[in-house]
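# Architecture and fold: a report
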Amino acid sequence: MQVIATAGHVDHGKSTLVRALTGMEPDRWAEERRRGLTIGLGFCWMTLPSGQRLAFVDVPGHERFVPNMLAGVGPAPAVLFTVAADAGWMPQSEEHLAAVHALGISHGLLVVTRADLADPAGALRQARQRIAATTLGDVEAVAVSAVTGAGLPDLISALDRLAGRLPSPDRDAPVRLWVDRAFSIKGSGTVVTGTLAAGTIRERQELLLTPALAAARVRGIESLKERAGAVTGVARVAVNLRGGAAPARGMALVEPGRWALASVADVRLGAAADPPRQLTVHIGAARTVARVRLLGGRIARLTLRDALPLHVGDRLLLRDPGSAAGPAAGPDPAWPPVAGATVLDLAPPGLARRGAAAAAAAELSGWPPVPGAAELIRRHRLIQAGTLRAMGVTDLPAPVSGDWLADPAYWAELGGRLASLVSAHLAAAPLSAGLPVEAARARLGLPARQLVEALAGPALEMRGGSLRPAGRPAPLPDQVQAAVAALRGELARQPFAAPEAARLRELGLDTKAVAAAARAGLLLRLTEQVVLAPGADQEAARILAQLPQPFTAAQARQVLGTTRRVAIPLLEYLDRSGATRRLPDDRRMLNGAG
Ligand SMILES: Nc1nc2c(ncn2[C@@H]2O[C@H](COP(=O)(O)OP(=O)(O)O)[C@@H](O)[C@H]2O)c(=O)[nH]1
Ligand SMILES: [Mg+2]
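Here's what I pulled together on the structure shown here. Since the model is a prediction, treat every value here as computed from it, not as a measurement.

Tracing the sequence through the fold places Thr134 in the loop between α5 (121-132) and β6 (140-143). By relative accessible area, which is 15% here, Thr134 ends up buried. At 2.7 Å, the side chain of Thr134 forms a polar contact with the backbone oxygen of Ile131.

Here it is as structure tokens:
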């Protein structure tokens, strides 16, 4: 199926044409019929000679109903632009064309209607020239008369060719159905309709209805009044919902996990003039008001009054509600009544820093029309994959840790900074265990501790929540080394005569220094107060092997020639290291002995 929206000045035969082509009534409401105006949107369809089905969204032409017109044209991939032969190009023709251009629609047909009333050549020439300057470019043109039927077969052929040219959207794209009508049916609940631009809606699928993101279950789907188990865009769909509160035009049904509601967006403006401070924003069938801050060049930050489900690359239509007064006087080019904008970033960083706005404008100006993961990651430096996915970015690289993606240059810089922080910390506090991870996180301004751990890499090792250079015990300060050397000399003579607290104090070895020396492998620390030379434990095991097994603590103390103060922690150390085991009667055996 394909979907095409009508566009063109009021009374230029849009609805009549749709009626002639489809045999259906686009002016749905009696009141519209009576007043001869299409106020709401009309939905009709036909089967083309190729078998392809084409749905029409017929929009109103009256100036007062521009929002309605946009709700119809916004999600449609193509337009059927009408100009009456007997009236020619009119102000609302221009207005509709500007909207089509701002929306970036690039497929369409020009139809000169009412060709029985005047020679269509003039209107055709005029319209072609205007249309050629827009995103529609050189479109096929057909002159028709709905009254005589002249030109209708040509128009049908042209529509068939157009439908054949339209791209087939991604069937797995994230679903976002802009609601253009909502009503309730007795007994079967709520129904919403819309133009599904891409993706697939399935029966029983759970969708979320904006802005509350209320869960709504798909009870049934119809497309062109036929029941379907699943419908893939492009298509006109009617979705019967269970839940989802009270849907209305402008809301959207979105797939869970694939959208976030955005209220701030950095965009590229489609017009090169100073925008007003406030604009009306249209996308799909939605409309809200945005505060506009020009960052520089054509880059602006929009702050939306109502958050909308947006993706990077989305086309917004910006309307200046105050532009009716006509173009502003002055040397600057005037901001147009309607302009387009492309969404570049939906989680833009703050602009508090001096010069941040200009820097942001300079960076974003260089981006491709639709930014990808590379641009966004470079800008954010660190960002969660889930955040990017909710912005519609798919080409994600491997995360550095968990869900975190990092700009490679920034990540390398952070690694360097972390290494310097660790060295600086150890230089200032040589006896410390290293730089605490939390301190590193705070100093680097990182959002999560796991990033510090991922950043540490093989050059740094983490022990007990602190970072230090890997495989390289910190060099001990000279006086600590001298004290340890003296102590080791004493222990060499009496390996189990651990120094008393007074002797350690005398040597200048406080708890920190003892811990650092133990970490460096220069001392064996049995408790805070009891230290021996490294290897004393193996020496003890060798000596204990001479005792009859099992042996008591007293026997061990005697054979080692030491005191209870040393023997008990030493035996406990041997138990922990697996050299000995303690029996229920408190005696011990060497493991492997007996
Ligand atoms: N003579 C003639 N009248 C037409 C033709 N197409 C539309 N009209 C008339 O033009 C008026 C406006 O048509 P309508 O389809 O409502 O215009 P819309 O506002 O663009 O939808 C109606 O009175 C139609 O009957 C045509 O090809 N020939
Ligand atoms: Mg009409």
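What follows is about the packing of aromatic side chains. A full pass over the atoms with the stated rule returns one aromatic pair. Arranged with centres 5.7 Å apart and planes meeting at 15°, the rings of Phe81 and Trp89 form a pair that is stacked. Just as Phe81 is buried, Trp89 falls in that class too.

For the rest of this paragraph, the subject is the site of ligand 1. Near ligand 1 there are 14 residues, and of these Asp11, Thr16, Arg114, Asp116 and Ala146 occur at the shortest range. One of the side-chain nitrogen or oxygen atoms of Thr16 is found 2.5 Å away from an oxygen atom of ligand 1. Summarising the interface, the protein chains cover 77% of the accessible area of ligand 1, which totals 580 Å² for the free molecule. Classifying every residue of the shell around ligand 1 by side-chain character gives four nonpolar, six polar and four charged.

This part takes up the sheet that holds strand β25 (residues 435-436). The antiparallel open sheet is built from three strands, whose spatial order is β25-β27-β26. Of all the strands in the sheet, the pair left with one neighbour each is β25 and β26 (460-463). In this structure, β26 lies alongside strand β27 (residues 466-469), joined through four bridges in antiparallel fashion. Each residue of the ladder has a partner; that of Arg463, found in β27, is Ser466. Sitting on the sheet, helix α10 (residues 408-428) is in contact with β25, β26 and β27, with an inclination near 90° to β27.

Attention shifts here to helix α15 (residues 511-519). Ala513, Val514, Ala515, Ala516 and Ala517 are the residues of α15 that are buried. Gly521 sits one or two positions beyond α15 and adopts a positive phi of about 80°.

By volume, the largest pocket amounts to about 1,100 Å³. Taken together, 34 residues form the lining of the largest pocket, with Arg176, Ala197, Ala198, Gly313 and Asp314 sitting closest to its centre. Classifying every residue of the lining of the largest pocket gives 17 nonpolar, 11 polar and six charged.

Let us now look at the sheet that holds strand β2 (residues 42-47). Strand order in the open sheet formed by six strands is β2-β3-β1-β4-β5-β6, with mixed pairing between adjacent strands. For this open sheet the edge positions go to β2 and β6, each flanked by a neighbour on one side alone. Mean inter-strand twist for the sheet, computed between neighbouring axes without regard to direction, equals 25°. Relative to strand β3 (residues 53-58), strand β1 (residues 2-7) is paired through four bridges, and the arrangement is parallel. Of the residues in β3, the one forming a bridge with Gln2 is Leu54.

Parameters and conventions
Residues numbered from 1 in each chain as written. Chains lettered and ligands numbered in written order. Predicted model: local features only at pLDDT ≥ 70, side-chain atom pairs only at ≥ 80, totals over all residues. Heavy atoms only, no water. Helix = DSSP H or I, 4+ residues; strand = E, 2+ residues; numbered from the N terminus. Buried < 20%, exposed > 50% of the residue type's maximum accessible area, 1.4 Å probe, protein only. Polar contact = N/O pair within 3.5 Å; in protein donor to acceptor, adjacent residues only side chain to side chain. Phe/Tyr/Trp six-rings, centres within 6.5 Å; stacked < 30°, edge-to-face > 60°. Near = heavy atom within 4 Å. Areas by Shrake-Rupley, 256 points an atom, 1.4 Å probe, with all protein chains shown as cover. Nonpolar A, V, L, I, M, F, W, Y, C, P; charged D, E, K, R; others polar. Pairing = 2+ DSSP bridges. Contact = heavy atoms within 4.5 Å. Axes fitted to C-alpha atoms, helices over the stretch in contact; angles between N-to-C directions. 1 Å grid on protein atoms, 1.4 Å probe; cavity = no way out; pocket = protein on both sides within 12 Å on 5 of 7 lines; lining within 4 Å. Points joined across faces, edges and corners; volume = space filled by probe spheres on them.

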